[in-house]
Structure formats: structure tokens, C-alpha cells
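Understanding the architecture of this molecule
The lines below spell out each chain.
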Amino acid sequence: MRVLYDTPTATEFVGLRVAAGLSPRKIEHAEIGLANSIFTATIRSDDNELIAMGRIIGDGGCNFQVVDIAVRPDHQGKGLGKKIMEHITTYIETAIFEDSYVSLIADGEAHKLYAQYRFEPVGPSGRGMYYERQKQ
């Protein structure tokens, strides 16, 4: 296994998200989103299979968000999520302005992983929210 700073294909990305239990994405949307990533860290097997990934998105100056932290179920519990977060944290510390706002949304128990990398809840003064479009 090796850590790379490569962008997975949209097909790999969508497959990993679904395998890891994250919400599915359409291939054509993934192609656009991945091309606009600010930073991506992946872990690939010796035969180049995408095993884990995480990325940073944002405006490049003021606001950044850590997204798509995913590990294939058959590789979970091996510290790969931590390895991805180590590379993401290094990027945050070395390439992002000190006064930039870096956020993430922690699903389920993932907040325990992110807390190890100095991410803190925004509450009680703030609350993470999202916009859900109406289906037509």
C-alpha cells in the first residue's frame, strides 16, 4: 500500500463512497467535483486499487472543507483513516493560510477520529447545517 496525492477517477471515487457507506454520487458530478479539489490524498494497493481517500475543497483562500474521508470496509480498522487525516492535516498546516476557516461534517462516530487531529465541535455557538433540495 502507498499514499499518493493523486485524484481518483470518478468511477473509483463513486465506487469507494458506496462501498464505505457514504451517499452515492453520479459519475458526471464526481468528474466535476474531483477536478475542483484543492488537495487529495489516496491510499492504493500494490495493484493500484483505491482503498482509501480524503480531500479538501474550498475557495483557496478563506474557507476550506475536509470531505470524502472513506476507507473500503475490508481495510477498515487498520489505521488508514488516520493515515489520510495525517496527510490532510499536514496540508492544512503547511499550505493553508493561518486565518482560513477549515471545517468538516462528522457522520456518526467519525468525530472521534477527527478530534485526534484538532477538529472541534462548532457548538454550542454554531451548528452544522445543510440544504436539501426538493426532488421533482
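Everything that follows concerns the structure shown earlier in this document.
Every chain is numbered independently, its residues counted from 1 as its sequence is written. Local features in this predicted model are restricted to residues of pLDDT 70 or higher, and side-chain atom pairs are both shown and tallied only at a pLDDT of 80 or more, whereas totals for entire chains, interfaces and linings draw on every residue. Only hydrogens and water are set aside; all other atoms, that is, all heavy atoms of the structure, feed into the side-chain values.

Remarks on the overall build of the protein
Just so we agree on the cut-off: Segments assigned H or I by DSSP are reported as helices when at least four residues long, segments assigned E as strands when at least two residues long, and all are numbered from the N terminus. To get the radius of gyration, use the C-alpha atoms; to get the globule rule, take the number of residues to the power 0.38 and multiply by 2.2 Å. The buried label goes to any residue with under 20% of its type's maximum accessible area, the exposed label to any with over 50%, and the partly exposed label to all in between, with areas taken from a 1.4 Å probe on protein chains only.
From N to C terminus, the protein includes 4 helices and 5 strands. A compact globule built from 136 residues should have a C-alpha radius of gyration of about 14 Å, and the protein, at 15 Å, falls within 12% of that. Here the C-alpha coordinates of the protein stretch approximately 45 × 40 × 30 Å along the principal axes. The buried share among the 136 residues of the protein stands at 35%.

Digging into the pairing of strand E3 (residues 50-58)
Heads up, the condition is: DSSP-based pairing: two strands are paired if at least 2 bridges between them are found.
With 7 of its 9 residues buried, E3 lies for the most part within the structure. Two elements, strand E2 (residues 39-44) and E3, share 6 bridges in a ladder whose sense is antiparallel. Its bridge partner lying in E3, Ile43 is registered against Ala52. With antiparallel pairing between neighbouring strands as the criterion, E2 and E3 make up a hairpin whose turn holds 5 residues, including Asn48 at a positive phi of roughly 75 degrees. Bridge count for E3 against strand E4 (residues 63-71) is 6 bridges, and the pairing is antiparallel. In the sheet register, Arg55 faces E4, and the bridge partner there is Val67. The antiparallel pairing of E3 with E4 creates a hairpin that spans 4 residues between the two strands, and Gly60 there sits at a positive phi of about 85 degrees.

A closer look at the packing of aromatic side chains
For clarity, the threshold we go by: Any pair of Phe, Tyr and Trp rings, taking the six-membered ring for Trp, is counted once the centres come within 6.5 Å. Such a pair is stacked with planes under 30 degrees apart, edge-to-face with planes over 60 apart, and tilted for the rest.
Going through the model one piece at a time under the given rule, you end up with 2 aromatic pairs. A ring pair is formed by Tyr5 and Phe39, whose centres lie 5.3 Å apart and whose planes are at 45 degrees; its orientation type is tilted. One end of the pair, Tyr5, is in the loop between strand E1 (2-4) and helix H1 (10-19); the other, Phe39, is in strand E2, with 34 residues separating them in the sequence. Relative accessible area serves as the criterion here: at 10%, Phe39 is assigned to the buried category. Between Phe39 and Tyr91, the ring centres sit 4.4 Å apart and the planes meet at 20 degrees, which makes this aromatic pair stacked. Here the residue Phe39 occupies a position in strand E2, and Tyr91 occupies one in helix H3 (residues 80-95), the gap between them amounting to 52 residues. Note on Tyr91: relative accessible area 21%, which makes it partly exposed. Following the ring pairs from residue to residue traces out a cluster consisting of Tyr5, Phe39 and Tyr91.

Some thoughts on the sheet that holds E3
The test is simple: To get an axis, a line is fitted to the C-alpha atoms, and for a helix only the part in contact is used. The angle between two axes follows their N-to-C directions and goes from 0 to 180 degrees. The contact criterion used throughout is that any non-hydrogen atoms of two residues lie within 4.5 Å.
Ordered by their spatial adjacency, 5 strands build an open sheet running E1-E2-E3-E4-E5, and the pairing between neighbours is mixed. Both edges of this open sheet fall to E1 and strand E5 (101-104), since each of them pairs with a single strand only. Pairwise comparison of adjacent strand axes, ignoring direction, gives a mean angle of 15 degrees for this sheet. The strands touched by H3 within the sheet are E1, E2, E3, E4 and E5, with E3 carrying the most contacts at an inclination of about 30 degrees.

Concerning the environment of Gly15
Among the structural elements, Gly15 can be located in helix H1. With 96 residues separating them in the primary sequence, Gly15 and His111 have C-alpha atoms 23 Å apart.

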